[in-house]
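# Summary of the model geometry
Okay, here's what each chain looks like letter by letter:
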Amino acid sequence: MLINTGVPTREQIELRLPSPERRARGPYAMVECFQEIPCNPCSTSCPFDAILPMGDINEIPAIDLDRCTGCGICAGVCPGLAIFIIDESKGDGTASVTIPYEFRPLPEKGEMVRAVNREGDVIGDAVVTRVLLSKKTKTPLVTVRVADEHVHEVRFFNLIDNKTVCDKTSSKIEEEPKTDDTACATDDDEIILCRCEGITLRTIRDLIREGYTTVDEIKRISRAGMGPCQARTCGPLIASEIARMTGQPVAEIQPSAHRAPVKPMPIEFFLGGDSE
Ligand code: SF4
Ligand code: SF4
């Protein structure tokens, strides 16, 4: 069937699905590449060695989902557009699918789109929650949120001619058919995680997806934790977001390195009590 239609069977898909525990833990790559072809950028680009090395370039890629963080790099480099990042961990009746999308125009965050399955049939509406243009991978990655029962079917989307941006207060949206009343779910990406430097949760999540998975790396690249509070507020929050997205226990995430002084000190301290 695959060879004739390009559509994998339900059985082929089910064999690739992670365990329910792994699916609930955080984002993961769903590698829908089923034919032996001379191709391996997914394997060579994964910063976590989650797509196992191929002894023969024709091998079908095999993934270690305990290593996969759902960073999306493989999805952005796969020339066959055969990798999707699935996140079923939100637990609110919605789930997200990140789709490599090589068309123009790109949708905007918050835009309503028509979710399409592997056969090309429209199966409902979805809201765009993220559009990532990575310099590393070139292929844009578009994340759409759908009702969770559709997350293993949705593999593409069509733009809606009269663009609608998701807004629960908009009567226009209410006229649109929706998969359910969670289709306009808002995201918490705009939360400021590092108040001193004004760094949002979205920036932190983007960096983790790009492969920066220690508090120190994120601090150096984003300045989160370099402000007056010296990471006392954002450090533990960043650590817990790394733990959530990479599936590690939070106790194993190292805090960022600190150099003295570790808290704001008055100038008298350094001048031996003389403020002049
Ligand atoms: S999503 Fe990231 S960690 Fe997972 S296989 Fe792809 S590149 Fe590796
Ligand atoms: S890069 Fe894509 S097409 Fe190539 S082997 Fe990996 S999953 Fe298959």
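The structure under discussion appears in the preceding block.
So, here is what we can say about the structure in this document.

Criteria and thresholds
- Residues numbered from 1 in each chain as written.
- Chains lettered and ligands numbered in written order.
- Predicted model: local features only at pLDDT ≥ 70, side-chain atom pairs only at ≥ 80, totals over all residues.
- Heavy atoms only, no water.
- Axes fitted to C-alpha atoms, helices over the stretch in contact; angles between N-to-C directions.
- Helix = DSSP H or I, 4+ residues; strand = E, 2+ residues; numbered from the N terminus.
- Parallel < 35°, antiparallel > 145°, perpendicular 65-115°, else oblique.
- Left-handed = near helix turned anticlockwise from the far one by under 90°.
- Contact = heavy atoms within 4.5 Å.
- 1 Å grid on protein atoms, 1.4 Å probe; cavity = no way out; pocket = protein on both sides within 12 Å on 5 of 7 lines; lining within 4 Å.
- Points joined across faces, edges and corners; volume = space filled by probe spheres on them.
- Nonpolar A, V, L, I, M, F, W, Y, C, P; charged D, E, K, R; others polar.
- Near = heavy atom within 4 Å.
- Sits in = over half its atoms within 2 Å of the grid points.
- Phe/Tyr/Trp six-rings, centres within 6.5 Å; stacked < 30°, edge-to-face > 60°.
- Buried < 20%, exposed > 50% of the residue type's maximum accessible area, 1.4 Å probe, protein only.
- Lys NZ or Arg CZ within 6 Å of the ring centre and 35° of its normal.

What follows is about the packing of helix α7 (residues 201-209) against helix α9 (residues 234-246). Contact pair α7 / α9: the axes reach a minimum separation of 10 Å and the direction vectors enclose 45 degrees. One way to sum up the angle between α7 and α9 is to call them oblique. Relative to α9, α7 is oriented so that their crossing is right-handed. On α9, the residues that touch Leu201, Ile204, Arg205, Ile208 and Arg209 of α7 are Ile238, Glu241, Ile242, Arg244, Met245 and Thr246.

What follows concerns the layout of surface pockets. What the largest pocket holds in volume is close to 460 Å³. What lines the largest pocket is a set of 26 residues, among which Glu32, Cys33, Gly80, Leu81 and Ala82 lie closest to the centre. Mapped onto the lining of the largest pocket, the elements with two or more residues apiece are α4 (41-45) and β2 (83-87). A per-class count over the lining of the largest pocket returns 18 nonpolar, 4 polar and 4 charged.

The next point concerns the site of ligand 1. Neighbouring ligand 1 are 15 residues; Cys46, Cys68, Cys71, Gly72 and Cys74 lie closest to it. Of all the cavities here, the one that holds ligand 1 is the largest cavity. When the residues that make up the shell around ligand 1 are grouped by side-chain class, the tally is 12 nonpolar, 3 polar and no charged.

Moving on, we come to empty space enclosed by the protein. Using the criterion set out here, one finds 3 cavities of 30 Å³ or more in the structure. Volume-wise, the largest cavity comes out at about 80 Å³. Its residues placed into classes, the lining of the largest cavity shows 10 nonpolar, 3 polar and no charged.

On to the packing of aromatic side chains, then. Taken as a whole and judged by the stated rule, the model has 5 aromatic pairs. Taken together, a centroid distance of 5.5 Å and an interplanar angle of 50 degrees make the contact between Tyr101 and Phe103 tilted. Each ring, one from Phe103 and one from Phe156, has its centre 5.6 Å from the other, and the planes form 70 degrees; the classification is edge-to-face. Taken together, the residues Phe103 in the loop between β3 (94-100) and β4 (112-117) and Phe156 in strand β7 (residues 154-159) connect sequence positions 53 residues apart. Under the relative-accessibility criterion, Phe156 is labelled partly exposed at 25%. Over the face of the ring belonging to Phe84 we find Arg155, whose NZ or CZ atom lies 4.9 Å from the ring centre.

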